[in-house]
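Here are the chains, one letter per residue:
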Amino acid sequence: MKCISVYTDNFEAFSDIFERVVESPLEENEEQEVEGITISHSGDVPEHYLERMSQKPEVVVMRDKSRGLTILQHGKVFEILLPVLETA
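Residues numbered from 1 in each chain as written. Predicted model: local features only at pLDDT ≥ 70, side-chain atom pairs only at ≥ 80, totals over all residues. Heavy atoms only, no water.

For the protein chain, an unreviewed UniProt entry supplies the name NAD/NADP transhydrogenase alpha subunit and the organism Paenibacillus riograndensis SBR5.

This is the structure:
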């Protein structure tokens, strides 16, 4: 899964830029600023990362089943986990 980190603890601000972040063509380890909020492509995370993080009481887990993505919120960061399309 591809992980995009959004460095804010403000859910409303996160919601305002969410669509642009998801559609953003970031390269791995690339950072951008969207409406004053830093976002970065944090690379790929293994499947067990989601399982491990979702068990922590300080982590909020949100899912967008229509797109198959998961959002983790903890501390001052939102992590958007996007499925990686397999290319043959």
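Still more to cover.
Undergrad: Quick question: what am I supposed to make of the packing of aromatic side chains here?
TA: The way to describe two aromatic rings as a pair is by their centre distance and the angle between their planes. On inspection of all chains with the given rule, the structure shows four aromatic pairs. Measuring from centroid to centroid gives 6.3 Å for Phe11 and Phe14, while their planes differ by 40°, and the two rings are tilted. A residue pair is termed a helical-turn pair when its members lie 3 or 4 positions apart in one helix, as Phe11 and Phe14 do in helix H1 (residues 11-23) at three residues. Judged by its relative accessible area of 46%, Phe11 is partly exposed. By way of ring pairs, the aromatic residues Phe11, Phe14, Phe18 and Phe78 are connected into one cluster. (Phe/Tyr/Trp six-rings, centres within 6.5 Å; stacked < 30°, edge-to-face > 60°. Helix = DSSP H or I, 4+ residues; strand = E, 2+ residues; numbered from the N terminus. Buried < 20%, exposed > 50% of the residue type's maximum accessible area, 1.4 Å probe, protein only.)

Undergrad: What should I look at first to understand the pairing of strand S5 (residues 69-74) in this one?
TA: Each regular strand shows side chains that alternate between the opposite faces of the sheet. Counting buried positions along S5 gives six out of six residues, so the element sits mostly inside the fold. Bridge analysis of strand S4 (residues 60-64) against S5 gives five bridges, and the strand direction is antiparallel. Residue pairing in the sheet places Arg63 in a bridge with Thr70 of S5. Remark: four residues form the turn of the hairpin made by S4 and S5, two consecutive strands paired antiparallel; Gly68 in that turn has positive phi of roughly 70°. Sheet topology note: the S5/strand S6 (residues 77-82) ladder contains five bridges and is antiparallel. Counterpart to Leu72 in the pairing with S6 is Glu79. A loop of two residues connects S5 with S6, the two strands running antiparallel in sequence, and Gly75 in this loop sits at a positive phi of about 60°. (Pairing = 2+ DSSP bridges.)

Undergrad: In this structure, what is going on with H1? I would like to understand it.
TA: Since the α-helix packs 3.6 residues into each turn, any two residues three or four apart lie on the same face. Taking 1.5 Å of rise per residue, 13 residues should cover 18 Å, and H1 covers 19 Å from first to last C-alpha, within 8% of that figure. The sharpest bend along H1 measures roughly 50° and falls at Ile17. Considered for burial, the residues of H1 that qualify are Ala13, Phe14, Ile17, Phe18, Val21 and Val22. Tucked into the core, H1 has its buried residues touching strand S1 (2-6), strand S2 (31-34), strand S3 (37-44), S5 and S6. Capping of H1 at its N-terminal end is provided by Asn10; its side-chain oxygen lies 3.0 Å from the backbone amide nitrogen of Glu12. (Expected span 1.5 Å × (residues − 1). Bend = angle between axes of the 7 residues up to and from the residue. Contact = heavy atoms within 4.5 Å. Polar contact = N/O pair within 3.5 Å; in protein donor to acceptor, adjacent residues only side chain to side chain.)

Undergrad: Would you mind going over the sheet that holds S6 with me for this structure?
TA: Hydrogen bonding along the main chain pairs the strands of a sheet, whether they run parallel or antiparallel. Strands sit in the order S2-S3-S1-S6-S5-S4 across an open sheet of six strands; the sheet is antiparallel. For this open sheet the edge positions go to S2 and S4, each flanked by a neighbour on one side alone. The average angle at which neighbouring strand axes cross in this sheet is 25°, direction not considered. Of the pairings in the sheet, the one linking S1 to S6 comprises five bridges and is antiparallel in character. Paired with Lys2 across the two strands is Leu82, which belongs to S6. (Axes fitted to C-alpha atoms, helices over the stretch in contact; angles between N-to-C directions.)

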